[in-house]
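Here is how the chains run, residue by residue.
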Amino acid sequence: MNGRSDGRSDGRFDGRVALVTGAGSGIGAGCAARLAAEGACVGVLDLRTAAARATAAGIRSRGGTAMALTCDVSDEKQVEEAVATLVASFGRVDVLHSNAAVLDADVYGRDRELDSLDVAVWDRTMEVNLRGAMLAVKHTVPAMPDGGAIVITSSVSALVGDTVHAAYGASKAALIGFTRYVATMYGSRGVRCNAVAPALVLTPNAQRALTPAQLADKAAERLLPWACTVEDVAALVSFLCSDESRCLTGQTLVLDSGTLAHRPQHAVHQSRHPL
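Residues numbered from 1 in each chain as written. Predicted model: local features only at pLDDT ≥ 70, side-chain atom pairs only at ≥ 80, totals over all residues. Heavy atoms only, no water.

## Comments concerning the environment of glycine 43
Examined against the element boundaries, glycine 43 turns out to sit in strand E2 (residues 41-46). Glycine 43 gets classed as buried once you look at its relative accessible area, which sits at 0%. (Helix = DSSP H or I, 4+ residues; strand = E, 2+ residues; numbered from the N terminus. Buried < 20%, exposed > 50% of the residue type's maximum accessible area, 1.4 Å probe, protein only.)

Below you can see the structure in the form of structure tokens.
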């Protein structure tokens, strides 16, 4: 698409309304900005009021349309009210990007070995990551009178095992199944639902949290010499929400720079014999 002088792209989402959860930072903020740049009126939803307002303000400063919504996606009343607020302002919902996930140190940081796992960590992970997606779909689908597009953020952690983060991985695996159910239930109404499964995305938080050695390990796992960025995820989400993908539904697209495309021995060889 060609750029415009006001900073927006030629709008494949002109006249459409999008809701992005977990949009206060990282992937959600990037996807909200991309949808707005392509013409959507965006509801920027996050548990953190200041973060949601900052993302929405950034969109507006670039000529887009956005409203901040504060909501705990695991609380049905809050989700219902947030969607109602968006619909009251813009009339409907055309696009949902369900991206909210619990990644703070008190939950994700304590999602370690199962034999010592606090059940509260498991429960909170499922409440936000899985229940939150269900509630977002439950309350946006009725606001999609002419059909719509739903994209759910899963993870490569849904597709492989690891020695930590079983709750996170299990919740993301469940979202892949959930995606197929939503696609099946609402396809006859013109609602499409797909999932994206990124590997490491180099958000500012990820770069702060990972040590140089951990970043090197992640690089050794990839076939390509570059990791995914927020912009890479936003480009894929935008495509899946657009009419260009009108025949895609019930699918999970992996965005991982080739991390899962090879046998593990490849990573072992590369780490032992770097170029």
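Once the structure has been displayed, the description carries forward.
## What to know about the environment of isoleucine 27
Mapped onto the fold, isoleucine 27 is located in helix H1 (residues 26-37). Placed 178 residues apart in sequence, isoleucine 27 and asparagine 205 show a C-alpha to C-alpha distance of 11 Å. Discounting chain neighbours no more than four positions away, the residues touching isoleucine 27 are His97, Asn99, Val201, Thr203, Val230 and Val233. (Contact = heavy atoms within 4.5 Å.)

## Structural notes on the nonpolar core
A general trend in soluble globular proteins is that nonpolar side chains are found buried together. Ranked by size, the top nonpolar core spans 34 residues in total, and within it Leu19, Leu45, Leu86, Leu96, Val137, Ile150 and Phe178 carry the most contacts. For this core, the elements supplying multiple residues, two or more each, are strand E1 (17-21), strand E3 (65-70), helix H3 (76-90), helix H4 (119-140), strand E5 (148-153), helix H5 (166-186) and strand E6 (191-198). Considering every element that reaches this core, the biggest residue donor is H4, with six residues. Apart from residues lying up to four places away in sequence, leucine 19 is in contact with Gly43, Leu45, Leu69, Val83, Leu86, Val95, Leu96, His97 and Thr140. (Core = buried A, V, L, I, M, F, W, Y, C linked by side-chain atoms within 4.5 Å.)

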